[in-house]
Amino acid sequence: MSQSSLDDDELFGEAASEMRSDVEESLDAARSELPDSDDVWETDADNVLGVLNGLRSALDAGEAEDHLRDAKKWFTMGQRADAFDDADDLEEAIADLEELVEEMEEAADQVGDLTATVPDLRGSLDEAETETEEAEDDGDEADEE
């Protein structure tokens, strides 16, 4: 084997190792950008709308999505180049993190729907209450006559 091919093999091995390291670093960075579970669970809002707005903000994956994208990019490149001896752990970690981010996005969408619905519902309930009070007042006036 020529010196050139040995160097190429060594370089490829180094590149594969660096690629794996890049994937792992991106996964770690993505995990570190996720909100703490307490941020999603606990609140100090005064009303339901405040709770919903706080929850929607807490469910924002932020830069975790960017780091996950980087991890997937480097993983895909390494996988296609057949650079990884064993990449099952990376593939599983990416899939798990991707599923978590998708769950957060779905939950944020549901919270967004509630955030839009609850004020309308409150307005409708206020209106119904006013109509009930007016009807009772009309009934009281009729009784007095």
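Residues numbered from 1 in each chain as written. Predicted model: local features only at pLDDT ≥ 70, side-chain atom pairs only at ≥ 80, totals over all residues. Heavy atoms only, no water.

*Asks:* Explanation requested: the overall build of the chain in the structure shown.
*Replies:* Tallying secondary structure elements over the chain gives 5 helices and 0 strands in all. Counting from the amino terminus, helix and strand elements in the chain follow one another as α-α-α-α-α. Judged by the C-alpha coordinates and their principal axes, the chain covers about 115 × 25 × 20 Å. A sequence separation of at least 24 residues applies to 80% of the contacts in the chain between residues at least 6 apart. Per element, the accessible surface of the chain, about 10500 Å² overall, is 45% carbon and sulfur. Across the chain, the mean location of the 8 positive side-chain charges is 12 Å away from that of the 53 negative side-chain charges. (Helix = DSSP H or I, 4+ residues; strand = E, 2+ residues; numbered from the N terminus. Contact = heavy atoms within 4.5 Å. Areas by Shrake-Rupley, 256 points an atom, 1.4 Å probe, with all protein chains shown as cover. Lys, Arg positive; Asp, Glu negative; His and termini not counted. Charge placed at Lys NZ, Arg CZ, Asp CG, Glu CD.)

*Asks:* Explain the side chain of Ser 26 here, please?
*Replies:* Mapped onto the fold, Ser 26 is located in helix H1 (residues 3-33). If we ignore the near neighbours within four places in the chain, the residues touching Ser 26 are His 67, Asp 70 and Ala 71.

*Asks:* Please explain unusual backbone geometry as it appears in this structure.
*Replies:* One can expect most non-glycine residues to show negative phi and most peptide bonds to be in trans. The phi angle at Asp 82 is positive, at roughly 55°, despite the residue not being glycine. Positionally, Asp 82 belongs in the loop between helix H4 (64-80) and helix H5 (88-144). Looking at Asp 82, the relative accessible area reads 62%, which means it is exposed. (Buried < 20%, exposed > 50% of the residue type's maximum accessible area, 1.4 Å probe, protein only.)

*Asks:* Quick question: what am I supposed to make of the nonpolar core here?
*Replies:* Within the largest apolar cluster, 18 residues are counted, with the highest numbers of intra-cluster contacts made by Val 23, Leu 27, Phe 75, Phe 84 and Ile 94. For this core, the secondary structure elements donating two or more residues are H1, H4 and H5. Discounting chain neighbours no more than four positions away, the residues touching Phe 75 are Val 23, Phe 84, Ala 87, Leu 90, Glu 91 and Ile 94. (Core = buried A, V, L, I, M, F, W, Y, C linked by side-chain atoms within 4.5 Å.)

*Asks:* Please clarify how the pattern of salt bridges should be interpreted in this entry.
*Replies:* Two side chains bearing opposite charge may form a pair once their charged atoms approach each other closely. Taken as a whole and judged by the stated rule, the model has 5 salt bridges. For Arg 20, the salt bridge identified is with Asp 89, shortest N-O distance 3.0 Å. With Arg 20 in helix H1 and Asp 89 in helix H5, this residue pair connects regions lying 69 residues apart in the sequence. The exposure class assigned to Arg 20 is partly exposed, which follows from its relative accessible area of 21%. Across the pair Lys 72 and Glu 98 runs a salt bridge, and its minimum N-O distance is 2.4 Å. Linking Lys 72 in helix H4 with Glu 98 in helix H5, this pair joins segments that are 26 residues apart in sequence. Relative accessible area serves as the criterion here: at 25%, Glu 98 is assigned to the partly exposed category. A single salt-bridge network, built from bridges that share partners, covers Arg 20, Glu 24 and Asp 89. (Salt bridge = Lys/Arg side-chain N within 4 Å of Asp/Glu carboxyl O.)

*Asks:* I would appreciate a short explanation of the confidence of the model for the chain in the present structure.
*Replies:* In low-pLDDT segments, the atomic positions of the prediction should not be examined closely. The predicted model of the chain averages 89 in pLDDT, with 91% of residues at 70 or higher. By mean pLDDT, the top-scoring element of the chain is H4 (94), and the lowest-scoring one is H1 (86). (pLDDT = per-residue confidence, 0-100.)

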